[in-house]
Amino acid sequence: MIAALADAVATELGAAYSGRGADGSETEGAAPNPALRTAFVDVLGPSPAEVLRDLDGPAVLVPAFLASGYHVYQDVPREVAESGHTAVAVTAAMGPDPALTRVMALRLRAAGWRPGDAVVFAAAGSSDSRARQDVRRAAGMLAEQLGAPVRIAYVATGAPRVPETVADLRAAGAERVFIASYLLAHGLFHQRLHDAGADGVAEPIGVHPAVVRLIADRYRTAARELVRARVR
């Protein structure tokens, strides 16, 4: 999915994309400028530091995270410092953002949600209080978009967990319960949502045109700031 998202962003920017596809193969785009690369701050590679060392000239790093926790505040700055690259702009993380909220609402309605149904806002979870605050902001934005209350629950880290929250809503009298997935892609965490006992589970945010535009806009804003900084 990351390869597909990167390819879509490259197309939006008219960029050349070079990264690892889902099968481990190299993926190349057609346009010459700017160059787009993928990097990972977990066990996968290449790391941001490795990619930045391989780049000439200014670079923009867009953290593809739905909340700003340890990865954004610790891992990304450390990777930039370790790269030795002297002209890197790091954008805000992807979320929370109204564009993501609109996509989540679309996904929820496509899953069968109707006004009056209970909603569980399912996030991966984090031990970082800043990330949890971002989740609360994102949940509030979805509640406003839907015109309905939502209950936050977590898949992996933090409480309450998703199955517990689904059960609580049913015990409180909810006839139908739907899960809004605050996850970027399919995988183990999203699969767990299907085992939580809800009447429906929305698809993850995924490669939606609004998500592609969001990342591209993050890049464009930071790139303009880099240019301004270099001409001062």
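Residues numbered from 1 in each chain as written. Predicted model: local features only at pLDDT ≥ 70, side-chain atom pairs only at ≥ 80, totals over all residues. Heavy atoms only, no water.

### Considering the overall build of the protein chain
Item 1. Helix and strand content of the protein chain: eight helices and nine strands.
Item 2. Dimensions of the protein chain, computed from the C-alpha atoms along their principal axes, are close to 60 × 35 × 35 Å.
Item 3. Expressed as a percentage of its 232 residues, the buried residues of the protein chain come to 45%.
Item 4. Within the protein chain, residue pairs in contact and separated by at least 24 positions form 62% of the contacts whose partners lie at least 6 positions apart.
Item 5. In the form shown here, the protein chain has an accessible surface area of approximately 11600 Å², with 52% of it arising from carbon and sulfur atoms. (Helix = DSSP H or I, 4+ residues; strand = E, 2+ residues; numbered from the N terminus. Buried < 20%, exposed > 50% of the residue type's maximum accessible area, 1.4 Å probe, protein only. Contact = heavy atoms within 4.5 Å. Areas by Shrake-Rupley, 256 points an atom, 1.4 Å probe, with all protein chains shown as cover.)

### So, the packing of aromatic side chains
The geometry of an aromatic ring pair is captured by two quantities: the separation of the ring centres and the angle between the planes.
Item 1. Summed over all chains, the structure comprises one aromatic pair.
Item 2. Their ring planes at 40 degrees and their centres at 4.9 Å tell us that Phe 121 and Tyr 182 sit as a pair that is tilted. Highlighted residues: Phe 121 in strand E6 (residues 118-123) and Tyr 182 in strand E8 (residues 177-182), separated in sequence by 61 residues.
Item 3. The exposure class assigned to Phe 121 is buried, which follows from its relative accessible area of 0%.
Item 4. The exposure class of Tyr 182 is buried, given its relative accessible area of 5%. (Phe/Tyr/Trp six-rings, centres within 6.5 Å; stacked < 30°, edge-to-face > 60°.)

### Points about the nonpolar core
As a rule of thumb, nonpolar side chains are buried together in soluble globular proteins.
Item 1. By size, the foremost hydrophobic cluster in this structure holds 40 residues, and its most contacted members are Phe 121, Leu 146, Tyr 182 and Ile 205.
Item 2. Breaking this core down by element, the ones donating at least two residues are helix H1 (2-13), helix H4 (98-110), E6, helix H5 (129-146), E8 and helix H8 (209-231).
Item 3. Here Leu 146 is in contact with Ala 105, Leu 108, Arg 109, Trp 113 and Val 119, once residues within four sequence places are set aside. (Core = buried A, V, L, I, M, F, W, Y, C linked by side-chain atoms within 4.5 Å.)

### Considering unusual backbone geometry
Item 1. Omega for the peptide link from Gly 95 to Pro 96 comes to 0 degrees, which places this bond in the cis form.
Item 2. Look at the link from Ala 159 to Pro 160: it is a cis peptide, with omega at 0 degrees.

### Let's talk about the sheet that holds E6
Item 1. Sheet architecture is open: four strands sit in the order E7-E6-E8-E9, paired in parallel fashion. Only two strands of the sheet have a single neighbouring strand rather than two, namely strand E7 (151-154) and strand E9 (200-201).
Item 2. The sheet strands contacting H5 are E6, E7 and E8, and the helix crosses E6 at an angle near 150 degrees. (Pairing = 2+ DSSP bridges. Axes fitted to C-alpha atoms, helices over the stretch in contact; angles between N-to-C directions.)

### Digging into the side chain of Thr 101
Item 1. Inspection of the secondary structure puts Thr 101 in helix H4.
Item 2. Excluding residues within four positions of it along the chain, Thr 101 makes contact with Met 141, Leu 142 and Gln 145.

### Concerning the pairing of E8
Item 1. Where burial is concerned, most of E8 is hidden: six out of the six residues are buried.
Item 2. Of the two faces of E8, the one carrying Val 177, Ile 179 and Ser 181 and the one carrying Phe 178, Ala 180 and Tyr 182 are both buried.
Item 3. Examined bridge by bridge, E6 and E8 share six bridges and lie parallel to one another. When the sheet's bridge partners are listed, Ala 118 is paired in E8 with Val 177.
Item 4. Looking at chain direction, E8 and E9 are connected through two bridges and run parallel. Within the sheet, the bridge partner assigned to Phe 178 lies in E9 and is Gly 200.

By themselves, these figures tell us nothing about what the structure is for.
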